Amino acid sequence: ASFLIKMDNRPLLILCFFLIAQSYKLMALEKRAELPQRIELQKWEFKRAGDHPWYPAVVPGCTHLSLLENKLIPDPFFGDNEKKLQWIEHENWEYRSKFDVAQNQLQQQKVQLVFDCLDTYAEVYLNGQLILKADNMFRKWEVEVKDYLKLEGNELSIVFLAVEAIENQKIK
C-alpha cells in the first residue's frame, strides 16, 4: 500500500506503505522539485492490540517474522510449531511509527494520505484520531489529514483486524 499526501491537486507527501510486505516509507515532493524527497519511516513497532509492551517490528516483514525476531514464538517451520501458532491470525495487531513534517508542508491548503493495498481490514490512526476504516485491500483510500498533522512527533498507527472474526460477525 502507499500513502500519498496531496496539496491542492499536486502530490506533496507520499507514504509508501506496503502492508503485505509491511515496508514503510515516507516521501515528500517539494513545490519546486519534480523528484520526491524521500523520508524513511523508521523504528516501526508492533504489538498484539491491547497488550504491552511494544516490540521492534521487522519492516518489511510480517507479524510472524516480527514475533520470531523478538523470540516471542518458536520457529513456525520446525516440527509441528505451525499448528501451535494458528492463534496469531485470530488476533488484532497494531503497528506504529513516528515522523515529522516540514513547516511548508503544513502550510499547504490540502494534505491527504493515500493508501494502496491496506491489508483487508485495517483501522488507521494519525495522532490518535481515527482517519480510516479500510475493508478492501484491492482499492485506493484517500484521507484528508491536514488538521491532524503537527510539525514534530506525528504518530501513524495501523490496527490490522482479524479477518475471521469480522467475517463471522457478518454471517450472524
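For the structure, see preceding data.
Structural notes, computed from the coordinates. These figures come from a predicted structure and were not determined experimentally. (Residues numbered from 1 in each chain as written. Predicted model: local features only at pLDDT ≥ 70, side-chain atom pairs only at ≥ 80, totals over all residues. Heavy atoms only, no water.)

Note on sheets: strands pair through backbone hydrogen bonds, and any given pair is parallel or antiparallel. Spatial strand order, β6-β5-β7-β12-β9-β10: six strands in an open sheet with antiparallel pairing. Every other strand in the sheet has two partners, leaving β6 (55–56) and β10 (129–134) as the edge strands with one partner each. Relative to strand β7 (residues 93–99), strand β5 (residues 45–48) is paired through four bridges, and the arrangement is antiparallel. Paired with Lys 47 across the bridge in β7 is Glu 94. (Pairing = 2+ DSSP bridges. Helix = DSSP H or I, 4+ residues; strand = E, 2+ residues; numbered from the N terminus.)

Among the nonpolar cores identified, the biggest contains 30 residues, and Phe 115, Val 124, Leu 126, Ile 131, Leu 132, Val 145 and Leu 149 are the most heavily contacted of them. Breaking this core down by element, the ones donating at least two residues are β7, β8 (112–116), β9 (122–126), β10, β11 (140–144) and β12 (154–160). If near-sequence neighbours (up to four positions away) are discounted, Ile 131 is found in contact with Leu 113, Phe 115, Val 124, Tyr 125, Leu 126, Val 143, Val 145 and Tyr 148. (Core = buried A, V, L, I, M, F, W, Y, C linked by side-chain atoms within 4.5 Å. Buried < 20%, exposed > 50% of the residue type's maximum accessible area, 1.4 Å probe, protein only. Contact = heavy atoms within 4.5 Å.)

All right, on to unusual backbone geometry then. Between His 52 and Pro 53 the backbone carries a cis peptide bond, its omega angle lying at -5°. Looking at where Pro 53 falls in the secondary structure, it is placed in the loop between β5 and β6.

Let's shift gears to the packing of aromatic side chains. Scanning the model with the defined rule gives five aromatic pairs in all. Centre to centre, the rings of Phe 46 and Tyr 55 are 6.2 Å apart; their planes meet at 45°, and the pair counts as tilted. By relative accessible area, Tyr 55 is classed as partly exposed at 26%. Ring geometry for Phe 46 versus Trp 93: centroids 6.1 Å apart, planes at 35°, classification tilted. On the criterion of sequence distance, the pair formed by Phe 46 in strand β5 and Trp 93 in strand β7 is long-range, its members being 47 residues apart. Here the aromatic residues Phe 46, Tyr 55, Trp 87, Trp 93, Tyr 95 and Phe 160 are joined through ring pairs into a cluster of three or more. Geometry around Trp 141 places Arg 139 over its ring, the cationic atom sitting 3.6 Å from the centre. (Phe/Tyr/Trp six-rings, centres within 6.5 Å; stacked < 30°, edge-to-face > 60°. Lys NZ or Arg CZ within 6 Å of the ring centre and 35° of its normal.)

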